[in-house]
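Each chain is listed here by its residues.
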Amino acid sequence: MESLIGFELGDARDDRDARDDTDDLRHGLVRTMLWAALGLIMVIRLLSAWQEGLAWPAILLATACYLPMVGLLQEWRRPGLAVRSLLLTVLAALYALPFALVGVRWDWLPWPLGVVALCVFRGRPGWALFGLVLVVTDLAGLRLGDGAVDACERTAKTAIDGIIVFSLYALAAMVAQLHATRGELARELLARERRRLDGELRALVGRRLRLLARQAARTLEAGAEDEADGRLEAMVGTARGALADVRRMAGAYRAPALPRPATAVPPDAPIVSPKEAKWALAGVYLCDALVTVFSDLAQFHRPWTVLVMAPIMCAAGAVLLLMRISRRQTALLGLLLVPTAFPLGDLLWELNLFTLLWPFFLGPLFTQYRRRDAWIVAGVLAVPYASLFVYPPPIPNPAGIAASVMSMVVLTWVSYSLIRLSQLVGLLREARRDLAREAVIRERTRVARDLHDLVSSSLSALALRGEACRKLLTSDPVLARARFVELSGLAERVQAELVALATGPAVLRTDDEVAAARSVLESVGVHVEVSVPVTPLPPEVDATLAAVLREAVTNVVRHSRAVTCTIAITSGAGLVCLRVVNDGAGPSGPGSAGLTRPAEPGPSGAGLLGMAERTVGRLSAGPVAQGRFEVVAEFVAGT
């Protein structure tokens with residue numbers, strides 16, 4: 001019964017390449033995380049200035065330094081030295097100007113200077129400058145009349161804002177770099193694999209092919225049939241030995257056991273691993289915990305309560321930073337931070353300040369639970385949090401309430417963003433490794449396929465021609481010597497195919513394969529009838545049709561007792577059809593195996609069945625009337 005198989009044109013890799021598992025890492029997402037956090041911080045500082053009672057001109061003057069800071073952060077890659085120097089000068093001047101016009105009656109947190117120190121001056125110099133900014137902030141606060149607690153609280157707030165912006169900026173830059181370079185690892189490993197495969201093929205198969213070429217290059221002397229028969233026998237043995245090596249290697253390449261390749265880090269990435277994102281989260285949590293302690297001391301003036309709060313804050317920090325992000329971790333954070341504020345805050349008022357640490361519970365909550373459930377929990381927690389604005393007194397003004405709410409929002413957003421971005425960076429690294437590994441696997445599969453479709457078929461044809469020459473030595477020595485001369489060209493062709501194998505996919509042409517098929521079939525005594533269109537075939541089906549033709553002819557020669565073979569190619573109505581029919585198959589002979597029962601075992605994916613798995617159109621192969629075997633392949637042209 002005829003076996004009918006549908007198959008797809010091109011390699012299955014097209015579907016994999018078209019699928020991008022890292023859509024969540026679009027640059028728009030990471031930029032949104034960064035600029036949303038930066039915008040929220042700016043709004044908080046505007047509200048703080050409004051709370052100080054400044055006039056709007058003074059408020060705008062106090063926030064004018066934000067513009068050059070945004071300019072320095074606008075590009076992932078640092079601008080030129082001249083532009084950077086100009087922006088830094090303008091930033092410093094605009095930050096210092098309010099001191100001369102407004103004095104110190106404004107929220108003079110130097111967080112823009114800290115952000116620039118970390119984001120513009122990378123590595124150790126940046127952290128050294130950031131530390132210098134914090135030290136100067138603390139000393140300036142003491143110099144300008146702040147108490148020790150207020151000066152430390154101002155310094156902690158500056159550190160929070162600086163670390164928040166830097167961490168999101170650095171992670172966003174790393175995501176952009178990984179996106180831009182995600183194909184480099186695949187290309188590097190692909191080139192390395194091609195060099196390795198080329199070395200293996202030359203070492204294992206090339207030696208036999210060189211010997212085969214030398215054997216075929218020697219001419220057969222007239223009148224020395226016995227010696228000629230021995231030389232032909234040796235050459236056929238060499239060809240079959242090389243054929244066995246090729247099949248063995250093709251089978252090995254189809255089932256590769258490859259290690260997962262390591263991912264190279266972009267050389268100028270400010271953060272080189274998701275682990276460092278956790279360090280950034282640790283810095284934000286530590287600074288916010290210090291703000292909580294300083295707020296306790298400034299409002300309630302009972303230092304002993306810090307001894308009650310410190311163990312709980314340390315336990316929450318350990319759960320947040322040492323445990324893997326999971327639902328269990330989120331639940332433990334909720335148990336540590338929520339009940340201690342409500343209802344235990346009614347027993348000790350200072351515990352209400354644990355609401356300042358709730359963002360580090362809400363951030364993981366939004367990453368681990370469904371959005372609807374997370375919003376429900378956040379809404380429930382908003383009720384006791386809002387009650388703090390009216391009790392205990394005094395009730396802050398609207399600007400103070402808005403600033404507090406915005407602080408909660410920005411810290412929640414930052415904790416969510418740091419966790420999410422670190423996870424996404426890990427996913428993108430995995431995608432880069434998978435992309436590289438799949439590229440290597442596809443290359444090994446391609447080499448295995450070309451070994452079978454090209455080198456194996458050519459070696460089979462060479463061995464069969466050699467055997468045909470041996471038979472002709474007794475009946476027609478002159479024709480035998482003429483056929484032997486053709487073997488030299490075929491041996492050189494096999495060598496050239498092996499050399500080109502590791503450099504890239506083979507490009508076959510139907511015209512060449514039709515000529516080769518005629519020559520091979522006639523050399524083994526098969527009468528060939530060929531019918532091909534005069535116009536060239538469409539390029540999108542030419543190579544595929546040539547591969548199917550080569551495999552079909554190889555099966556005719558190897559697996560049948562054919563006397564005649566017809567090769568017909570027709571083109572029209574958007575279809576290209578190949579039809580190969582041979583006799584000598586029989587209802588149950590080797591030639592009738594076709595796709596349903598291969599006559600000779602081989603590696604998975606080889607032969608016509610393998611082509612059916614990786615090409616497009618319709619392929620039918622099976623016995624027909626009068627002991628013939630027919631292969632019909634149809635291809636859609638112009639798609």
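Residues numbered from 1 in each chain as written. Predicted model: local features only at pLDDT ≥ 70, side-chain atom pairs only at ≥ 80, totals over all residues. Heavy atoms only, no water.

1. Details of the overall build of the protein
Then, in step 1: Counting its regular elements, the protein contains 19 helices and six strands.
Then, in step 2: Every one of the 639 residues in the protein was classed for burial, and the buried ones make up 51%.
Then, in step 3: Surface accessibility of the protein: about 29700 Å² in total, with carbon and sulfur atoms responsible for 62%. (Helix = DSSP H or I, 4+ residues; strand = E, 2+ residues; numbered from the N terminus. Buried < 20%, exposed > 50% of the residue type's maximum accessible area, 1.4 Å probe, protein only. Areas by Shrake-Rupley, 256 points an atom, 1.4 Å probe, with all protein chains shown as cover.)

2. Things to note about the packing of helix α4 (residues 66-73) against helix α5 (residues 81-101)
Relative placement of two packed helices is described by the angle separating their axes and the distance separating the axes.
Then, in step 1: In the contact formed by α4 and α5, the axes pass within 8 Å of each other and the chain directions differ by 155°. Between α4 and α5, the angle is such that the two are roughly antiparallel. Like other packed secondary-structure pairs, α4 and α5 cross with a definite hand, here left-handed. Contacts between α4 and α5 pair Pro68, Met69, Gly71 and Leu72 from the former with Arg84, Leu87, Leu88, Val90, Leu91 and Leu94 from the latter.
Then, in step 2: The residue inventory of the contact of α4 with α5, partitioned by class, reads eight nonpolar, one polar and one charged. (Axes fitted to C-alpha atoms, helices over the stretch in contact; angles between N-to-C directions. Parallel < 35°, antiparallel > 145°, perpendicular 65-115°, else oblique. Left-handed = near helix turned anticlockwise from the far one by under 90°. Contact = heavy atoms within 4.5 Å. Nonpolar A, V, L, I, M, F, W, Y, C, P; charged D, E, K, R; others polar.)

3. Some thoughts on the pattern of salt bridges
A pair can form between side chains of opposite charge whenever their charged atoms are brought close.
Then, in step 1: Applying the stated rule across the entire model yields 13 salt bridges.
Then, in step 2: The partner of aspartate 245 in a salt bridge is arginine 208, with the nearest N and O atoms 2.7 Å apart. Here aspartate 245, found in helix α9 (residues 225-253), pairs with arginine 208, found in helix α8 (residues 148-217); they are 37 residues apart in sequence, far enough to count as distant.
Then, in step 3: When its relative accessible area of 7% is taken as the criterion, aspartate 245 is described as buried.
Then, in step 4: Between arginine 550 and glutamate 513 there is a salt bridge, and its shortest N-O distance comes to 2.9 Å. A residue pair is termed long-range when its members are at least 10 positions apart, and arginine 550 in helix α18 (residues 539-559) and glutamate 513 in helix α17 (residues 510-523) qualify at 37 residues.
Then, in step 5: Of the residues examined, glutamate 513 reaches a relative accessible area of 6% and is grouped as buried. (Salt bridge = Lys/Arg side-chain N within 4 Å of Asp/Glu carboxyl O.)

4. Focus: the nonpolar core
Then, in step 1: In this structure, Met69, Trp111, Ile164 and Phe354 are the most contacted members of the largest nonpolar core, which totals 98 residues.
Then, in step 2: The dominant element in this core, judged by the number of residues it contributes, is α8, at 13 residues.
Then, in step 3: Residues within four places of methionine 69 in sequence aside, it is in contact with Leu38, Met42, Leu91, Trp111, Pro112, Val115 and Val116.
Then, in step 4: If you look at the next biggest cluster of nonpolar residues, it comprises 66 residues, including Leu209, Phe484, Val520 and Ile569. (Core = buried A, V, L, I, M, F, W, Y, C linked by side-chain atoms within 4.5 Å.)

5. Quick word on unusual backbone geometry
Then, in step 1: Here the bond from phenylalanine 342 into proline 343 is cis, since omega is 15°, no more than 30 degrees from zero.
Then, in step 2: With respect to the helices, strands and loops of the structure, proline 343 is situated in the loop between α12 (327-341) and α13 (359-368).
Then, in step 3: Even without a glycine there, the phi angle at glutamine 626 is positive, about 65°.
Then, in step 4: Position of glutamine 626 among the secondary structure elements: in the loop between β5 (616-624) and β6 (628-636).

6. With respect to a nonpolar patch on the surface
Then, in step 1: Residues Phe121, Leu129, Leu132 and Val136 make up a contiguous nonpolar surface patch of roughly 320 Å² in combined accessible area.
Then, in step 2: The residue phenylalanine 121 is located in the loop between α6 (111-120) and α7 (123-143) in this model. (Patch = residues over 30% accessible without salt bridge, like charges linked within 9 Å, V, L, I, M, F, W, Y side chains within 5 Å.)

7. Points about the environment of arginine 444
Then, in step 1: Take arginine 444: it is sitting in helix α15 (residues 398-475).
Then, in step 2: Taking the C-alpha atoms as reference points, arginine 444 and leucine 197, separated by 247 residues in sequence, lie 8.1 Å from one another.

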